[in-house]
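Listed here are the chains, written in short residue letters.
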Amino acid sequence: MNMETSPANNPDVPRRGRLLLPLPLLLALALLFTGAAACGSKTSTTTSGAGSSSSSSSGSGSGSASGSSSSSGSSGTQSGSTASGATAASCTTVGSKRIPKTRVLADLGITAGAFHRYIYKPIKGGTFTAASKAQKVLILGKGAVAAGAIAHFLGNAIDNARSDATLCKYVPNMSQIKDKLAAMGSQLRGGNTSAVDSTNSSFSTLQHQTGFTPNDNATVPGVS
């Protein structure tokens, strides 16, 4: 009895429901999937690289900002150094003169003594208040002339003080007194004696700083 071989028992007949593809097609699909996977990996790497680049850029910006801040600080330091140097230079600009310190102190003593003799004592003494109007005008007139002469002599003392390493630091104080004396001339002629006390205080401060001794016998040419 011939029995037909059923498809299930025949290995040469594909089973129903089983998908069998030709070998070339399988290879083509494998290559396709491999390429897609590689492309995805490359895309991921590029994205990661972009993020890294962005981070690097951010770091660079931060570094630049830090550098700018450092530069600004350096500029401030340089500016501070320049200002400090300018102050020191004003004290060491002595030129070619070499004036003995004792002479400078003697000049300061003459200016202070002349101020006391011709301005402070006559005006602040008790006799000024009781003096007649004519006498007051005479006292104030002499004081005005003396103030101008003393300011001029103090200017010479200031120039000499710049040559001394110790006294040069007090030149601004001396200049302040000189300016007060220069303005005092017109003030006294107008009857204004308000600057006399402050000028005397400035002389006292300068005396304490430098150690000069006021010369009470100092005279001003042209003023008796």
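Residues numbered from 1 in each chain as written. Predicted model: local features only at pLDDT ≥ 70, side-chain atom pairs only at ≥ 80, totals over all residues. Heavy atoms only, no water.

**Student:** Tell me about the packing of aromatic side chains, and name the residues and values.
**Tutor:** Inspection of the entire model under this criterion finds 2 aromatic pairs. Ring geometry for Phe115 against Phe203: centres 5.4 Å apart, planes inclined by 35°, an arrangement best described as tilted. Of the two residues, Phe115 sits in helix H2 (residues 101-124) while Phe203 sits in helix H6 (residues 195-210), which places them 88 residues apart along the sequence. Each member of the pair Phe115 and Phe203 is classed as buried. Site record: aromatic cluster; members linked through ring pairs are Phe115, Tyr120 and Phe203. (Phe/Tyr/Trp six-rings, centres within 6.5 Å; stacked < 30°, edge-to-face > 60°. Helix = DSSP H or I, 4+ residues; strand = E, 2+ residues; numbered from the N terminus. Buried < 20%, exposed > 50% of the residue type's maximum accessible area, 1.4 Å probe, protein only.)

**Student:** Quick rundown of the packing of H2 against helix H4 (residues 133-161)? Include the residues and the values.
**Tutor:** Between H2 and H4, whose axes approach to 9 Å, the crossing angle comes to 165°. By the criterion of interaxial angle, the relationship of H2 to H4 is roughly antiparallel. Here the hand of the crossing between H2 and H4 comes out left-handed. Residues Arg103, Val104, Asp107, Leu108, Ile110, Thr111, Ala114, Phe115, Tyr118, Ile119, Pro122 and Ile123 of H2 pack against Ile139, Leu140, Gly143, Ala146, Ala147, Ile150, Phe153, Leu154, Ala157, Asn160 and Ala161 of H4. Counted by class, the contact of H2 with H4 contains 18 nonpolar, 3 polar and 2 charged residues. (Axes fitted to C-alpha atoms, helices over the stretch in contact; angles between N-to-C directions. Parallel < 35°, antiparallel > 145°, perpendicular 65-115°, else oblique. Left-handed = near helix turned anticlockwise from the far one by under 90°. Contact = heavy atoms within 4.5 Å. Nonpolar A, V, L, I, M, F, W, Y, C, P; charged D, E, K, R; others polar.)

**Student:** Break down the environment of Thr210 for me, with residues and values.
**Tutor:** Along the polypeptide, Thr210 turns up in helix H6. Through-space distance from the C-alpha of Thr210 to that of Val104 is 9.9 Å; in sequence the pair is 106 residues apart. The contacts of Thr210, once residues within four sequence positions are left out, are Leu105, Leu108, Leu167 and Tyr170. A distance of 2.8 Å separates the side chain of Thr210 from the backbone oxygen of Leu206, its partner in a polar contact. (Polar contact = N/O pair within 3.5 Å; in protein donor to acceptor, adjacent residues only side chain to side chain.)

**Student:** Can you lay out the packing of H2 against helix H5 (residues 171-189) for me, pointing to particular residues and giving the numbers?
**Tutor:** Viewed as axis vectors pointing N to C, H2 and H5 meet at an angle of 35°, and their least axial separation amounts to 13 Å. The crossing of H2 and H5 is left-handed. Judged by residue contacts, Leu108, Phe115, Ile119 and Ile123 of H2 engage Met174, Leu181, Met184 and Leu188 from H5. A breakdown of the residues in the contact of H2 with H5 according to their chemical character gives 8 nonpolar, no polar and no charged.

Just distances and angles here, no functional claims.
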